[in-house]
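Coordinate analysis (summary)
Letter by letter, the chains look like this.
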Amino acid sequence: MDEHGRSVKKPVMATKDLRFFDFPQVEVLPDGHPRRGMSVVAALSEWLVHTNRRLNGAWTQRYEHGVPVTDLEPVEADGTTGTLVHFRPDGSLGSVTVPAAGDLSRLTTAWPQLQVQVDDRRNH
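As a convention, each chain's residues are numbered from 1 in the sequence order in which they are written. The model is predicted, so local features are restricted to residues of pLDDT at least 70 and side-chain atom pairs to those at 80 or more, both for listing and for counting; the totals for chains, interfaces and linings are taken over all residues. The basis for every side-chain value is the complete set of heavy atoms in the structure, and neither hydrogens nor water enter the calculation.

For the rest of this paragraph, the subject is the overall build of the protein chain. Secondary structure elements follow DSSP: runs of H or I no shorter than four residues count as helices, runs of E no shorter than two count as strands, and numbering proceeds from the N terminus. Each helix and strand counted, the protein chain has three helices and five strands in total. For the protein chain, the α and β elements follow one another from N to C terminus as α-α-β-β-β-β-β-α. The buried share among the 124 residues of the protein chain stands at 20%. As presented, the protein chain carries roughly 9,200 Å² of accessible surface, and 54% of it is formed by carbon and sulfur atoms. Buried, partly exposed and exposed residues are distinguished by accessible area as a fraction of the type maximum, computed with a 1.4 Å probe on protein chains only: under 20%, between the cut-offs, and over 50%, respectively. Accessible areas in this description were obtained via Shrake-Rupley with a 1.4 Å probe; residue shielding takes into account the shown protein chains only.

Okay, here's the thing in C-alpha cells:
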C-alpha cells in the first residue's frame, strides 16, 4: 500500500522481468531452464488470474494474453499470505501435458515453502 492506502503493484505479470532477462547469469531453475519471470506465463496464456495475499491486504488482477484487463481488485483477507496464479495456456501452444506428481515434487524441492497443486480441468 502507498501512503494513501492504495494498492501498488510491480508490473511483473505484464512486462519483461528485467531482473532475469538482462543478465546473462540468470538463476537456473531445478529443471535446468533459466528463470524468466511470470510475464512469460501471462503472455502465453489465454487468461491468467494473479491473487496476492499480504499481511496488509489482498488483491487480484486478471490478464488476457499478457495484458491486464482489470485493475487491482481487493479480495477478502483470509489470514494467509502468498501468491496464487490460475491460468489457461493459449490454444496455439498445442497440447499441454501435465507433469506427473513425482516430477512436480522433484522440481519444487528447491523451494520448501512452495506448494504446487495441479487442478487439470480439461475435458478428457
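Looking now at the pattern of salt bridges. Side chains that differ in sign of charge can pair as their charged atoms come close. Note on definitions: salt bridges are taken to be side-chain nitrogens of Lys or Arg within 4 Å of carboxyl oxygens of Asp or Glu. The final tally for this structure, using the stated rule, is two salt bridges. One salt bridge in this structure joins Arg-62 and Glu-64, with 3.2 Å as the shortest N-O distance.

A word on the confidence of the model for the protein chain. Low pLDDT marks stretches whose predicted atomic positions should not be read closely. Mean pLDDT over the protein chain: 76, with 71% of residues reaching 70 or higher. The predictor reports its confidence for every residue as pLDDT, a score running from 0 up to 100. Highest mean pLDDT in the protein chain belongs to strand 4 (residues 73-74) (92); lowest belongs to helix 1 (residues 18-21) (54).

As a further point, take the side chain of Thr-60. Residue position: Thr-60 is located in strand 2 (residues 57-64). The exposure class assigned to Thr-60 is buried, which follows from its relative accessible area of 12%. The contact definition used throughout considers only heavy atoms, calling two residues in contact when any of these lie within 4.5 Å. Beyond its immediate sequence surroundings of up to four residues, Thr-60 is in contact with Val-49, His-50, Thr-51, Asp-71, Leu-72, Glu-73 and Val-75.

Let us look at the environment of Asp-78. Residue position: Asp-78 is located in the loop between strand 4 and strand 5 (82-89). The exposure class assigned to Asp-78 is partly exposed, which follows from its relative accessible area of 47%. When the C-alpha atoms of Asp-78 and Ala-58 are compared, they prove to be 8.8 Å apart, with 20 residues separating the residues in sequence. In protein, a polar contact means a hydrogen-donor-capable atom and an acceptor-capable atom, both N or O and within 3.5 Å, with residues adjacent in sequence counting only if both atoms are side-chain atoms; elsewhere, any N or O pair within 3.5 Å suffices. At 2.5 Å, the side chain of Asp-78 forms a polar contact with the side chain of Thr-80.

Right, let's talk about a nonpolar patch on the surface for a bit. Patches here are clusters of residues that have more than 30% relative accessible area and form no salt bridge, with a 9 Å joining cutoff for like charges and a 5 Å cutoff for nonpolar side chains (Val, Leu, Ile, Met, Phe, Trp, Tyr). A cluster of nonpolar side chains, Val-98, Leu-114, Val-116 and Val-118, forms an exposed patch at the surface whose accessible area comes to about 290 Å². Looking at where Val-116 falls in the secondary structure, it is placed in the segment after helix 3 (101-108). Residue class for Val-116 comes out partly exposed when judged on its relative accessible area of 41%.

Below, the discussion takes up unusual backbone geometry. Although it is not a glycine, His-65 adopts a positive phi angle of roughly 55 degrees. As for its position among the elements, His-65 is in the loop between strand 2 and strand 3 (67-68).

Moving on, we get to the environment of Val-85. Turning to its location among the elements, Val-85 is positioned in strand 5. Taking the relative accessible area as the measure of exposure, Val-85 reaches 26% and is therefore partly exposed. In sequence terms Val-85 and His-50 are 35 residues apart; their C-alpha atoms lie 4.7 Å from each other.

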